[in-house]
Each structure stands twice: as structure tokens, then as C-alpha cells.
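Listed here are the chains, written in short residue letters.
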Amino acid sequence: NSATTYMEFTLSLPSKMEAVIVFLLFVNSALFGSLDAQTVAYYSTEEPLLLATPDNITVSAGTRLSLVCVAWGNPAPNITWTPDATAVPYQNVYNTSTTLNGLTYVVSILEVCYTEPQFSGTYSCTATNGVAPASLGGNSASFQVQVLSQPSCSSTYAVTSNLQYVYVKQEPSCILCTLPGGVPTWYTWTINSSSAIGQNGTNILFNRSTTLLIQDPILLLKGATGVLQVQCYDQTQLISYQAYVALSEPSVIVAGPQDIITSSNLKLSATCVAWGKPLPTITWTSSYTNLTSFNTYTTSVSDGQFSYVVSILEICPTSFITSDTYTCTASSTSSGTSLGLTSSSFVLQVPNTPPTVQVVENTNLQVLCSLVGNSSVVITSVYWTDSLGSVVSNNSTLQVLGIQRNRSGVYTCTIQTASSSSMSTTTVTVLYPPSAFVVGEQTIYGIQGLSVTLSCSFVGLPIPNITWSGPLGQQIQSNPHFTIVSSSNFTQLTINSLIRSDTGNYTCVATNYLGVSSSSTSLYVQVPPDSPTNVIITYRSDSTISLSWNYGFNGNSPVVNVSISYESPNYIGVEGTMYLILPAMFSATLSGLHPNANYSIRVALVNAAGFTSNVTIVLTSTLSLRLMAPTITALYSYISVQLVMIWTVVADSTMAPADSWIVEYMPFGGSPTNVTVQGSLRMFTLAGLSRGTLYSVRLAGVNVAGLGPFSTYVQNTTTVDAPSVPLNLATTVLNLTSIVVSWDPPLDNGGRVIAYYQIQYRVVGVSNFTLVNQIYDLQCTIMDLSYDTIYELQVAAFNGALFSTLTPSVQQKIQPQGVLPPDPPSNITITNQNATSISLNWNTGFDGNSPLVNVSISYWSSNYPNDGTQYVLLPLVYSSTLSGLHPNANYSIRITLVNALGVSSTLVTLVSSTLSLSELLLLYSFACSKLVICVKALVAPSVSALYAISSTQLAMRWMITIDTTMAPADSWIVEYTPFGGSPKNVTVQGSLRMFTLTGLSRGTLYSVRLAGVNVAGLGPFSPYVQNTTIVDAPTIPEIQSALPLNSTSIAVSWAPPLDNGGQSIQYYVIQIRVLGGGTFSTVSQVLALQYMYVITAGVQDGTAYEVQVIASNGGAISIPSLMQVITPPIGPPFPLSVMPQVYGSTDTTAVVTWISPGGYIDNYTLQYKPSDQTWNGATTYTVEASATIFTISGLIPNTSYDVQVCTNNKNSSSDFVAQTFITLAPPKLKVIGPTSPVPVGTTLTLECVVEFGHNSTVIWSRADGNSLPPVAISKGYLLLFTSVQAQTSGIYVCTFAGSTGPISEAFSLNVSDAASLQASSQLPLPSVTPPSTSIPLKLVIVVSLGAGVPLLCLVLICFICVMVLYCRLKKSPYKMQNPLYDASPNALSLSLESTESSVIEAPLEIFANF
């Protein structure tokens, strides 16, 4: 039962009873299954009793002996031993006790560490505890110990590592254990994990010297496994080794190699297999062959019963040198003791033949095949085969009579035995004389100046020595002009930079000691083509020149293309342009030329050999018409939809004025738009733009030449307008000291989102207004006002840039008389409730003579004392839903009405509770099963304001629509997207109506919207609202240097700001002032990508200045960076370093150019005079500093003039530098044509020869004013007639437009029919003086060529000249004078002289051109 009961047991203990255990079970009715147990032991006084004693034991001398006695008694007994320690040395006694189940046992151990035979005898143990034993012998025990003498061992095997195998012979063997750690003190041996085997004393003996003696290994190890597991254990150091002991077996070779004859150049593997215990080691030896270069592989294999050692000797490669006797020896040892060895030998023979033999073609070959050494192998046959496998000899001798080169190859000697065959090879090489032959065409064409390669193949043994010889038989050596590359059977000669003297035969010669062979090829060097003929200018304009030409001799190589290059002496240092035209073209147009400039045009034909000599034509182009790119100097905005731009143009008299300007403007992120502006303008206003928008603007000029290049882009942002006036300003008295002001947003925000509103109010009649700034909603409550006072209020909107006009004033009076607190609400009912919300509605009564300001709802719960929330609703709301409540909780709800005086006089408190989760589940199932919508999601909110409050923050405010069917917002999801980026979301607390987005990018347009989340889920998002974050000011653009370039200019360079403030740098402002002066003046506005500017405006020499650079990103400007600089004073000007040059001089004009020497120059002074006069009467001109060219006109033809130029600045003038030039003679004109009548149908040419003509063309016309006949074709200086008719007769006029005016020459052409010619031929010829063109002709042609031109080429050129002259003259009785005369090392002249007067058909000019 539940009471405590004491029970006593009286027990009679039997003898040797160890313990009595009593279990007491206590049961408690109050605890199901509870169990308590207790164990109690009772003891009585007992006599000592021996429970365990040793048996008789026999041990070997030197081993350790342990005797154990166990006793029990009450009290615990004491155990003693006999004999004692004085009689038995090395004796130790260990006494200990242990308690089991409450009884104490005594254990005593007698230990003899090292036994000796004299220790044999009777041993006893006695237990006493003061209680007389009940019977004799119960407390004492005796037993016999016999110690045997230790026999000797024949062999000793050392155990030096753990898990070591020891193989012993069939004789008494000792196992010596050598443990680490120093001298052993106390070893214990175990056999097969037990020490009991050591007691038989006949086979195993333990001793303290760490040795285990096995007297009869055969008897001990004849078990099934044949392996004995032993372990030596040092009980002092607590370390041990384990070993496995087995009987050894002598080594036996069970398989060895046999005698063998094998082939040379093979890999021979000899295998030797041995067996034994332990496994033997196999070694290889030979009679005289060094085996260190051969590989030996040894491994072990097992057939499941026995293990074998396999050793492979690899002889590679075999040859007659490796013929020898080879021996494999197997030997084994165990723990340093040899267990015996055995061996096996074999003989290897390899046929002996010479590896290579050389023999001369058409001689005899003899090779012998033999063996080295003696073996037991019987040879059955010996024969030779060739490389095709055909037998060529049936004995050991290979013999070939009169051998040919095709018998070269590998011959094999085969020695056949009964079981195999062996082979040895000899490579026979047949030597023969060389043979050489040309590879490719026998005739090769090469291009002058390029390279050509000649190839020659050859054979011969020994490999021949190769040489090349040239056209004159000379041996060619490798040098920069000749490159020789040869291989074993091929050679190439490359001739670099071909010249005409390289033409000829080239021979490759192959030589060895058996003979010589050669082969030749012919080389012809190609030359450039002749110059083009009849090069005529067909058209010229302000920037283009068109010309045509004909072809001449092509230089034995097809014309690849036509090269046209040009340059102008008016633009010294400006490189010309080259055109490459297809060879089938006979005309070209040069474009992009400089205005009003002289041009030298060269037309050259190009073939595989290169260019011809050039034909030069000098002409003058007209004025250029194309405008250069203008520079926009200013772009600014005065009006929100307009940008004003100002630009400058480069003044150049060679350019036609602008007819119009094309202005291109592009909004940021938009497309470009063009507008055309009147050409005389330099300022224009872009209208109709978007407010507050960044625009990029550029322009280009248009004149009669077309559209010129555009200027670089300039950027600026249009301003924003002020917002329009806010609408519908209204006021309501909230209480006795407060007024609620509300309004609607303006219809126009001025181009930027409204940032905030500002209210000003004052008491009527008071002059000063009080301001309420930064109102972000559309209503505001003004508090702390005075009773019974009339206030005047106005509102203005601010869009971040400008304020709107103030609204008209609204007056509101605060009247406290007659105002009472409103009555409390009535008919308060709960309309809906669930686990987390309660919906209720109410009615209002008397308003206290003051409109209700709001309705305040507060609630709290006794279950949750810390909860409590207040709703403030608009006064016309008659219902509300309390959300976020706890399930199954009691709530007190209080509704309070508020008017201008205060709260309702009586507070009404309603008690309700939310539903439990189970009730809600049932309610929800019932409602939704009838398709009743329990809760509506929030409608889209309206973002009322979005404005930037810092460079990385946007503040936003929003409004929501109140609906009693909607649960309130638990949170808001605000989504914001940077322009061109991805949207991001942030979650905002549901009770908030204002939030600040942080961590935004500076100067970035963001699109923002939000949506509400309530218990019904995520509602729709509001429309996007956009605004741009503010940009910070850029950091300082550090000036890196401000150095004077000269006395009146300063070069400023700077580094861009490390931080652009969030928007790209648009421009830099460069300002300067005199050190210590007043304000800085702006000298330039530099585009963003420019980091250097040269200041010249207003810079004076020898003056100290302060220069500063300001960076602007379009939204803010940086702090200026400042640096001081001093300009050096102006020194004397430098004189010209190079004499002035005179180009393009005519008979009356000369163009003088010079190079500026540098330094400060205001202008140049140019003087000129005839060379025979003094400088006192010289003509003087002043030339602007920017010009280094001047044209002198009004000169006298064919006269020598001196011209000199000096430099001037405000300091002084330099010395003059002079040059001399000669004007040309005035042009002369004559027409060459037939002097007698020509028959009808004749083809003829009139040529207008102009002497001393410059820079002009020839015009052909008829003297009677009629047009040229159809059969007449004007080609520059030539007038060509094809098939003349009688009406073709007339006077033709050649007009040349010279520098002093046009000059003309007339020519009468007479065309007659055949009858007239016949009649005239019968008339006597009058005696007339030969015409002026009948003159003795002496022509000297001088040919000047480069060094190294062959004489043969010069003679060929002279011959061509003679042939042309023969064709041009009617009469040709010529004689050659000094045909080969060396005028200089690089020139050759040829002189021809007629013996009488000759009539020249063609102009002399053809020879000059030639």
C-alpha cells in the first residue's frame, strides 16, 4: 500500500556463499508503472577460503614464471607464499583486491622474472584473516614447479620489424627479437596468440635474452598451415613485434633458357623460373658480355599452391657482339642466413655480317655470313635474299658481278635450324657518277628589281658537290645578290633585285669523285613599260581634274595598272595622293584637291617590272567652294522650350559663302531632327523643344558646293517652367486652434514633377505672411492659431526649379461661440468578423455645431495587453475594418467623433472578439461555397509626389482609396526602375503613406510605382511616376600643368575629375585673370573629352596670371582648380632658317614661299627688285604672320630678280634672308601643218607649238567664227582632221591664254580635189625660199641611267632613238657622230647631224618628251 512497510529477512548463509541480493518492490498508486528497486547485501564473519590456485607447471630456464592465488573471507584475508623471496631470487609478489556485488576478493601473484633449474621445487600459498578455518587445507594450497635446462641452437634468425617472415632450417633454431628503445628488461613471448605451448618444455624454450628457441622445427611446424605466429612483448616499454616462422626449402630452378641462334637487331628475352622458401633471388651473368646495358625484369607468380620467382633477361638489340654464354643463378637467405643456391646456362649465337658495304657501279660484290661461338643447335641451311625476298645465294657467301645502282639495298643472310631461323642484314650501297637537270621551264622571265629562283635536280653517290655558273661562265657564290640553297638532290639559285646584266644562261654543275654533270636555263629580265602618250587634261573644277592618255611599249610585260600621283608646290610638305586604275582605263579624275593651287600630275604605267618615267602636267584649279566645319561657341536656354545657339566660321577667301546652315538637334535617348537656317546667320533659336530635356546640337554649312562637314556636338538642357496655380483651395476648421487646408494639384507641372507645396497664411490686416514649406500632400493642418480670428491663406507649387503663382487668397474664421463636442456615434454594429479582423459600422448624431473633422477608432485586447492601434478616418466614413488582430481574442473597440472643439462628450466602447481558427475555417467554407467574396484586394494607390531629396534618394508620397470591403494594407510593394535598367522591389510597412528610396544612382531617371498587399493578396500597381535624382558637383579637375608656349599663349592641361558627380562631364570652363586682379574671365568652354587648351586671348608677354579650370556635368559645377603662370617677355624675332623658295614662276609672276622660324612673329616683310638694281628702290610688302606664301605679279619677262624676307614683332625685326630667281620668256606661238594643198579624203594634223607657255591650255577655232567642222577633233595642242573635204578649207586659229593676255596664231588650210591638184602640178614651180622649218638638224640625246646599267642596253636605247628620228623626217641622209660617248660614269650621249636642210613633220617637242 502507500504506507512505508519495513520487512526484515533472516537468512542462513551456506558455505562459500558470495552474496545475497534482495529486491524490494515499492508500488505507488499515484504513478502508473512506476518501479523502485533497491539491492541490499548482508554478510557474516567467514573463515578464509582459497578460490583459485596454480597447477603443477614445467618451464624452460630463462623464462618468466607467474603463480596466482585468489582467496575470500570476512574480513578480507592476507596471502603468503613459500618459499619466500630469500630462497627464490627475482621473486616479486603483487597483492590486490576487487569487490564484486559487495564482496571483497584478494588476488596475490608470485612472479619470477628469470627462471633457473635450481628454482625447481614445491611452492605454496596460504590465506589468513584471524578466523580459524573450519577444516584443514581450505586456506592453503601446494604445487610443483620444474625448471628445465635451455638447450643450444644451430642457427639464429633476427626479428627486426613487425610482421616479419622467418624461414628456419630443419635444425634447432633461435628467433632473436630486437625491439627498438634500448636494452630490453622484461620480454614476454606468445605462440599463436597463447603462451600455454611453452609448458611442454620439449620444443620451445623462453629466455630473458629475447630469444625463442625452436628445438625441432619439423615437429613444431608440421601442422596444416606450416606457419607459427610468434610475438615478443617488452612489458617495460609496452612495445612488441609479431613474426611468422616457417620451414625453409632449398632454391630450385624449375625452368631455364636453352641454346638459341637468333637474328640481329632483335629483342631477345631469356626467362629463368625458380622456387624455394623463402622465394629465391635470381641473378644473371655472362662470359664476357657487359650486362649493365640490358634490362632485367623480376616478378613472382603463384599457381594457387606454390609461389615462383620469374626473372627475364632482355638482350636488345641482338648482334654478333652479343653472342655469348649466359647463366641465371637462384639463391635465398633468411634473416641474414644463406639457404643455398643453384644455376642454369644457355648459349646465344647471332649471324655475323657487315652492316654496310659500299661498291662502285659495274664492279663485283662479295659478303660473308658466319656464326660466333659453339652451341648444341644443328644448322640445316644458310642462304642470302635481296630486299624483294628473292634468293640470290644458297650458301654463306653473297656475290654479285658487275653490280648496278638498282642493286643497292638491304641483303639478308638466313641461318635455318630444325626449329627456327635467324637473320642478319647488310646494306649495300652502289656508288655512281652524278647527273644534273633543270627543273621547270628552260626559259624564265624575271622582273627588274625583284627576285627569281632557278631550280636544278641532281643524283649521284656520293652526293655530288653543287656549283652554279653565270652568263659569263663565272662561278656564283652566295652574297646579297645571289642566294644558293641546296639539299641532297636539289639546289636553288635565287637572284635578288634583278638588273639587266643578270640576263643570260645559268648552269648548275654536280661533281663527285666519280664524274661531273651540268644543266642550264635561260633568264630574261623584264623592264618597266614606256611612258604613256598624249596625256591630255579633259576637265577641271574647283577640286577635281580629269585627264586621259594613250599606251606605248609595254616593256615585254602586260600593263598591270596605271598609277596617277600629284602634288602641289603651294602646299609644301603636304603629300600627294596616288590613284591605281585598271589597265583597260584611259582616263581618270583627281578629286579632293586644294583650292587655287598649282599641281604636278604624273601618269605612269605599271607592269610586272615596275613604273615608267612620269609625264608632268602643270595646271591651276579654281577656288574651293566647300565650307569647313563651324564651331558652336554657345548653347544656352532662356525659355523652357528653346535653346539659343551661337557659332563661328573659319574665314577663308577660297570658300564660297554659306547659303544655309543645317542644324541637327537630338533629345537625350531620342532621334535627331534637322532644321535649315539662313546662311548669313550666326545665331539661331531652336523652338518647340521639350522642357527640362538634355539636347545634343551640331550644324554644318551648305554652299554651292554642297553640304560641308558637321561641327562637333554641344550639349545643354532646356529650362523648366513654373507650375501653374494649384486648384480648388479649401479650408476647414479642425478645432479651436487648427485649420485643415486642402487643394488639387496644378494642371501643368512646368515640365517636372511637383516636388512639394508651400502655404503662406496671415491674420487679415497683418502685412507679414507665415510660411509652411515642403508640404508633400494635398492637404495640411495649420495649428496653434488664435480663437475668433480670420486668417488669409494661399498655396504655391514647387517643381524643383520654380514656384508657381500663389493661389487666390482664401479666408477662414475660427469661431468658438456655440460649438459643442459632438454626440457619440450610435447604432454601432459588428458586420463581419474572422480570425484576424473585425468589421463594424455606425451612425453619427448631433455634430456640436461644428463639422466633424475625423473619426477616431481605437482598440485593445485583455488577452494581449501590449496591442492597441488607432485609426483616424475621414469624417464622412461610417464603417471600418480592424485588421491584423489575434485569433480567438477579446477586443474593446472605442469610436470617437471629433469636431473643431474636440472629441464627443461620451465615449462608446464596444466589446467583441475575433473568431477562432476552427470557427474561421467553418465560416470560410460556408461563405465561399456560396460564392460570397469575403475580402477584397486593395485598389491601385495614387503616387501624389515623387521628388529628389539628394543625389541618391527619391522621396515619394501616395494616397489610397478607402473602401469598407477592402482589408487594410499589410505592406506596400514599391517598384523602381532606372532608365534602361531592370526593376527592383522594396517592401514598405502597410501603415506608411510616405517612403524614401535610397542607394540610387546619381542623375538618373527613375520610374516608380507601388501596389498594396492585404489579406486578399497583392493588389494592382499604380501608374508609373518618373523623376530624376540630383547630380552632385564633380570633384576638382586637377590642373597638371600651365606653361607658356610663347610670350602670348599659355597651354593648360588637366586631369578629369575622379568623380563626375553622377553624370558625364559635359564641358570644362577655362578662366584666367592677372595675378592679384579682379574677377576671372572665361576664355573658353571646352568639350568633355578635351583635357588641354591653349589660351591666347588677351595674354600679354611678361605678365603673371592665375588660370583655373571648372568642370560641369550639366547639373552642377566643380570647385575650380587653380595654378599660377608667368609669360616670358617677347624677344627679337628669329630670322628665316631656310632661304625663301620660288615656285611656279611665269613670265610675269612668281610664287614665293618660306618656312616660319618659330617664336613670336607679328608679320613678315617681303622685298623684291631686279638683280641689277640696289635694295633702296625695292618693292616692299607686309605679309600676315599666318601666311608663308606670297605671289609677286607685274614682273618683266626673262629677267633676274632678288627677293628677301624678314620677320617682325613688337620688339624688333630680324635680318633679311634673300633668294634669286629668273622669270620666263614670254610665250610664242606657231602652227605646224601642210604648206601645200592636200587632196580630199586626206587625214592630217595641225599642231600648235607654244614656246615658254605656262599653266594654260590651247583653244582651236575658225577665223570666220564658224564652228569647227565635224571632221576636226581638238585634242589640246593638236587639231586632228579625218577625211578632209573641200569645205574643210579655211583659216584655223590657235589661241593661247597667256599670263599677259591671250595670243593667237592663224594657219590657212587648203583642200583641193584631184583635178585641181593635177592642173597645179603642170604649172612651173616658182622659185621659193625654203620655209623656216627647213633647217639643218643636229640632235643630241643624252640618256642618264642608274649605276651598273649594261652597255648593251644603252646601245639599244640609242638605236631606238635613231629609228624614231628616221620615221619623223622626210629626208634621212644622216651620219652618226660619236655614237658611244661617255659624258659621265652614269650617262651616255648620242649625236645625229643631217647633211642638208630637212622638213620636220612632227614637233621637236616629241623628242624632248621622249
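Cut-offs applied
- Residues numbered from 1 in each chain as written.
- Predicted model: local features only at pLDDT ≥ 70, side-chain atom pairs only at ≥ 80, totals over all residues.
- Heavy atoms only, no water.
- Helix = DSSP H or I, 4+ residues; strand = E, 2+ residues; numbered from the N terminus.
- Buried < 20%, exposed > 50% of the residue type's maximum accessible area, 1.4 Å probe, protein only.
- Contact = heavy atoms within 4.5 Å.
- Areas by Shrake-Rupley, 256 points an atom, 1.4 Å probe, with all protein chains shown as cover.
- Core = buried A, V, L, I, M, F, W, Y, C linked by side-chain atoms within 4.5 Å.
- Disulfide = S-S within 2.5 Å.
- Pairing = 2+ DSSP bridges.
- Axes fitted to C-alpha atoms, helices over the stretch in contact; angles between N-to-C directions.
- Polar contact = N/O pair within 3.5 Å; in protein donor to acceptor, adjacent residues only side chain to side chain.
- Salt bridge = Lys/Arg side-chain N within 4 Å of Asp/Glu carboxyl O.
- Phe/Tyr/Trp six-rings, centres within 6.5 Å; stacked < 30°, edge-to-face > 60°.
- Lys NZ or Arg CZ within 6 Å of the ring centre and 35° of its normal.
- pLDDT = per-residue confidence, 0-100.
- Patch = residues over 30% accessible without salt bridge, like charges linked within 9 Å, V, L, I, M, F, W, Y side chains within 5 Å.

Novice: Outline the overall build of the chain, supporting the account with residue identities and numerical values.
Specialist: Across its full length, the chain holds five helices and 107 strands. Expressed as a percentage of the 1410 residues in the chain, the buried residues total 40%. Long-range pairs, those at least 24 residues apart, make up 63% of the contacts in the chain with a sequence separation of at least 6. Summed over its atoms, the accessible surface of the chain is roughly 72,500 Å², and 55% of this surface lies on carbon and sulfur atoms.

Novice: Summarise the nonpolar core; cite the residues concerned and give the values.
Specialist: Leu65, Leu67, Ile79, Trp81, Tyr123, Cys125 and Val145 are the most contacted members of the largest nonpolar core, which totals 22 residues. Of all the secondary structure elements, the ones that give two or more residues to this core are strand E4 (57-60), strand E5 (65-74), strand E6 (78-82), strand E8 (103-112), strand E9 (121-128) and strand E10 (140-148). What Tyr123 contacts, discounting residues up to four positions off in sequence, is Leu67, Thr82, Pro83, Val88, Leu110, Ala141, Ser142, Phe143 and Val145. Ranked by size, the runner-up nonpolar core spans 20 residues in total, among them Leu1244, Val1271, Ala1272 and Phe1307.

Novice: How would you summarise the state of the cysteines if you had to cite specific residues and measurements?
Specialist: This model, assessed by the stated rule, comprises six disulfides. Across the disulfide from Cys69 sits Cys125; the S-S distance is 2.1 Å. The sign of the -80 degrees torsion about the S-S bond sets the Cys69-Cys125 disulfide as left-handed. Residue Cys69 is located in strand E5, and its partner Cys125 is located in strand E9; the two are separated by 56 residues in the primary sequence. Pair check on accessibility: Cys69 and Cys125 agree, each one buried. Sulfur-sulfur distance for the disulfide between Cys369 and Cys413 comes to 2.0 Å. Where Cys369 bonds to Cys413 through sulfur, the torsion about that S-S bond is close to -80 degrees, and the disulfide is left-handed. Of this pair, Cys369 sits in the loop between strand E28 (365-368) and strand E29 (379-385) while Cys413 is found in strand E32 (residues 409-417), placing the two residues 44 residues apart along the sequence.

Novice: Could you give an account of the sheet that holds strand E82 (residues 1067-1074), with specific residues and numbers?
Specialist: The strand order E83-E82-E85-E86 describes an open sheet built from four strands, whose pairing is antiparallel. Whereas interior strands pair on both sides, the edge strands pair on one side only; in this sheet they are strand E83 (1081-1087) and strand E86 (1121-1126). Strand-to-strand twist in this sheet, taken as the mean axis angle between neighbours without regard to direction, amounts to 25 degrees. Sheet topology note: the E82/E83 ladder contains six bridges and is antiparallel. Across the sheet, Gln1071 pairs through a bridge with Thr1082, a residue of E83.

Novice: Got a sec to walk through the side chain of Glu975? Specific residues and values, please.
Specialist: By the element assignment, Glu975 lies in strand E74 (residues 971-978). Within the structure, the side chain of Glu975 is placed 2.7 Å from the side chain of Tyr1024, a separation counted as a polar contact.

Novice: How would you sum up the environment of Thr467? Please name residues and give values.
Specialist: Along the polypeptide, Thr467 turns up in strand E36 (residues 465-469). According to the relative accessible area criterion, Thr467 is partly exposed, its value standing at 22%. Through-space distance from the C-alpha of Thr467 to that of Ala510 is 6.8 Å; in sequence the pair is 43 residues apart. In this structure, Thr467 is in contact with Gln475, Thr507, Cys508 and Val509, ignoring residues within four places of it in sequence.

Novice: Any details on unusual backbone geometry? Residues and values, ideally.
Specialist: With an omega dihedral of 5 degrees, the bond running from Asn74 to Pro75 counts as a cis peptide bond. Geometrically, the link from Lys277 to Pro278 is a cis peptide bond, its omega value of -10 degrees lying close to zero. With a phi angle near 55 degrees, Asn827 is a residue other than glycine that sits in the positive phi range. Take Asn827: it is sitting in strand E65 (residues 826-833). Taking the relative accessible area as the measure of exposure, Asn827 reaches 53% and is therefore exposed.

Novice: I'd like a description of the pattern of salt bridges, backed by residues and values.
Specialist: One pass over the structure, following the stated rule, counts 13 salt bridges. Close ionic contact of Arg1002 with Asp1032 constitutes a salt bridge, the shortest N to O distance being 3.3 Å. Here Arg1002, found in the loop between strand E76 (994-997) and strand E77 (1005-1014), pairs with Asp1032, found in the loop between strand E79 (1025-1028) and strand E80 (1039-1046); they are 30 residues apart in sequence, far enough to count as distant. For Asp1032, a relative accessible area of 28% gives the class partly exposed.

Novice: Outline the packing of aromatic side chains, supporting the account with residue identities and numerical values.
Specialist: Taken as a whole and judged by the stated rule, the model has 27 aromatic pairs. Seen from their ring centres, Trp647 and Trp661 are 5.8 Å apart, and the 65 degrees between their planes marks the pair as edge-to-face. Of this pair, Trp647 sits in strand E51 (residues 643-648) while Trp661 sits in strand E52 (residues 660-667), and the two are 14 residues apart along the sequence. Here the two residues Trp647 and Trp661 agree in accessibility, since each one is buried. Three or more aromatic residues joined by ring pairs form one cluster here, namely Tyr756, Tyr776, Phe798, Phe803 and Tyr947. A cation sits over an aromatic face here: Arg405 above Tyr432, 3.7 Å from the ring centre.

Novice: Lay out the environment of Pro480 with the relevant residues and their values.
Specialist: Among the structural elements, Pro480 can be located in the loop between strand E37 (475-476) and strand E38 (482-486). Look at Pro480 and you get exposed, because its relative accessible area is 76%. Separated by 15 residues in sequence, Pro480 and Ile495 have C-alpha atoms that sit 8.9 Å apart.

Novice: Outline the sheet that holds strand E19 (residues 249-255), listing residues and values.
Specialist: Taken in spatial order, the four strands line up as E19-E21-E24-E23 in an open sheet, and their pairing is antiparallel. For this open sheet the edge positions go to E19 and strand E23 (295-302), each flanked by a neighbour on one side alone. Neighbour-to-neighbour, the strand axes of this sheet turn through a mean angle of 25 degrees, independent of strand direction. Across four bridges, E19 lies against strand E21 (residues 268-277) in antiparallel orientation. In the sheet register, Ile253 faces E21, and the bridge partner there is Ala274.

Novice: Before we move on, could you go through the side chain of Ser1049 and cite the residues and values that matter?
Specialist: With respect to the element layout, Ser1049 can be found in strand E81 (residues 1049-1054). Residues in contact with Ser1049, not counting those within four places in the same chain, are Leu1043, Pro1044, Val1094, Ile1095, Thr1096 and Val1099.

Novice: Give me the lowdown on the confidence of the model for the chain, citing residues and values where you can.
Specialist: Per-residue pLDDT for the chain averages 78, and the proportion of residues at 70 or more is 79%. Note that residues 196-203 has pLDDT below 50 and, in this model, 16 contacts with residues that lie over four places away or in other chains.

Novice: Describe a nonpolar patch on the surface, with residues and values.
Specialist: Together, Tyr288, Phe320, Ile321 and Val372 make up an exposed nonpolar region whose accessible area comes to about 400 Å². Looking at where Phe320 falls in the secondary structure, it is placed in the loop between strand E24 (307-315) and strand E25 (324-334).

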